[in-house]
Amino acid sequence: EAQVTQNPRYLITVTGKKLTVTCSQNMNHEYMSWYRQDPGLGLRQIYYSMNVEVTDKGDVPEGYKVSRKEKRNFPLILESPSPNQTSLYFCASSLLLRTANTEAFFGQGTRLTVV
Amino acid sequence: AQSVSQHNHHVILSEAASLELGCNYSYGGTVNLFWYVQYPGQHLQLLLKYFSGDPLVKGIKGFEAEFIKSKFSFNLRKPSVQWSDTAEYFCAVGRNSGGYQKVTFGTGTKLQVIP
């Protein structure tokens, strides 16, 4: 079954404690991205990656890091989480535009609370 | 700034009522258009998409959307809503940016259907 898998689904942490949210897709998609969803703001892109070792900032990258060492995985790293990073996070993957018109497939989401 | 606007933040309808959710975007040039649905506690799922061709697009669960290029709009419609349509709906616009598809989401519309 084609899917994007995120872990964990729920996470409560304290300010400053480094954490990683994992994302894995099994569709051999080149393009992966991270979004945060906040009430009234919709989904905002944090980082994206067009292929292995190719990553770039989205619209709200501050306080986040990513890596893309393998095509299927795209972890989101919060080196020093702060309460304003409390949010619902989604990972998504898709083919690249130049390959085909394409839609994004989303993971189940990770609800992060930073206290 | 270029953006995707969803005019209604919260819509309440009775079952069997007709639905129309507005979506306007401000990008010039070729765009891909999407509507995603997010049921309570779940991830985003594709409802329908427009890449080219017939501007009236039919999606899953009886939803349809019409692309009106002159109005930069892609409104979502359903003739008769059901209680199970209660969800949040996101319009998204994809455009070519350096060889990949950059997707921008609207802020979402929460639909509540009353039995």
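Sequence positions are assigned chain by chain, starting from 1 and proceeding in written order. Naming scheme: in the order in which they are written, chains are lettered from A and ligands are numbered from 1. Reporting in this predicted model follows two pLDDT cut-offs: at least 70 for local features of residues, and 80 or more for side-chain atom pairs to be given and counted; totals over whole chains, interfaces and linings ignore these cut-offs and use all residues. Values reported for side chains reflect all heavy atoms of the structure, with hydrogen atoms and water molecules removed beforehand.

Draft legend 1. Inspection of the pattern of salt bridges at higher detail. All names here are of chain A. In what follows, salt bridge is the name for a side-chain nitrogen of Lys or Arg lying within 4 Å of a carboxyl oxygen of Asp or Glu. The full count for this structure, using the stated rule, is ten salt bridges over all chains. A salt bridge links Glu79 to Lys65; the nearest nitrogen and oxygen atoms lie 2.9 Å apart. With Glu79 in the loop between β8 (76-78) and β9 (87-94) and Lys65 in strand β7 (residues 65-66), the pair connects residues that are 14 residues apart, well separated along the chain. Throughout this description, buried means an accessible area under 20% of the type-specific maximum (1.4 Å probe, protein chains only), exposed means over 50%, and partly exposed covers the range between. Taking the relative accessible area as the measure of exposure, Glu79 reaches 36% and is therefore partly exposed. Each helix corresponds to a stretch of at least 4 residues labelled H or I by DSSP, and each strand to a stretch of at least 2 residues labelled E; elements are numbered beginning at the N terminus.

Draft legend 2. Main features of unusual backbone geometry. In this model, Asn7(A) is joined to Pro8(A) through a cis peptide bond whose omega is -5 degrees. Residue placement: Pro8(A) occurs in the loop between β1 (4-7) and β2 (10-13). Positioned with a positive phi, Ala16(B) is a non-glycine residue whose angle comes to about 80 degrees. Judged by its relative accessible area of 55%, Ala16(B) falls in the exposed class. In the Ramachandran plot, Phe72(B) falls in the positive-phi region, its phi being about 50 degrees despite a non-glycine side chain. You can see Phe72(B) is positioned in the loop between β8 (64-68) and β9 (73-78). Accessibility expressed as a relative area gives 36% for Phe72(B), which makes it partly exposed.

Draft legend 3. Main features of the sheet that holds strand β3 (residues 19-25) of chain A. All names here are of chain A. If you walk across this open sheet you meet the four strands as β1-β3-β8-β7, and the pairing is antiparallel. Pairing within the sheet leaves two strands with one partner each, and these edge strands are β1 and β7. Inspection of the sheet shows β3 paired to β8 by three bridges, in the antiparallel sense. Bridging across to β8, Val21 finds its partner in Leu76. Two strands qualify as a pair provided DSSP detects at least 2 bridges between them.

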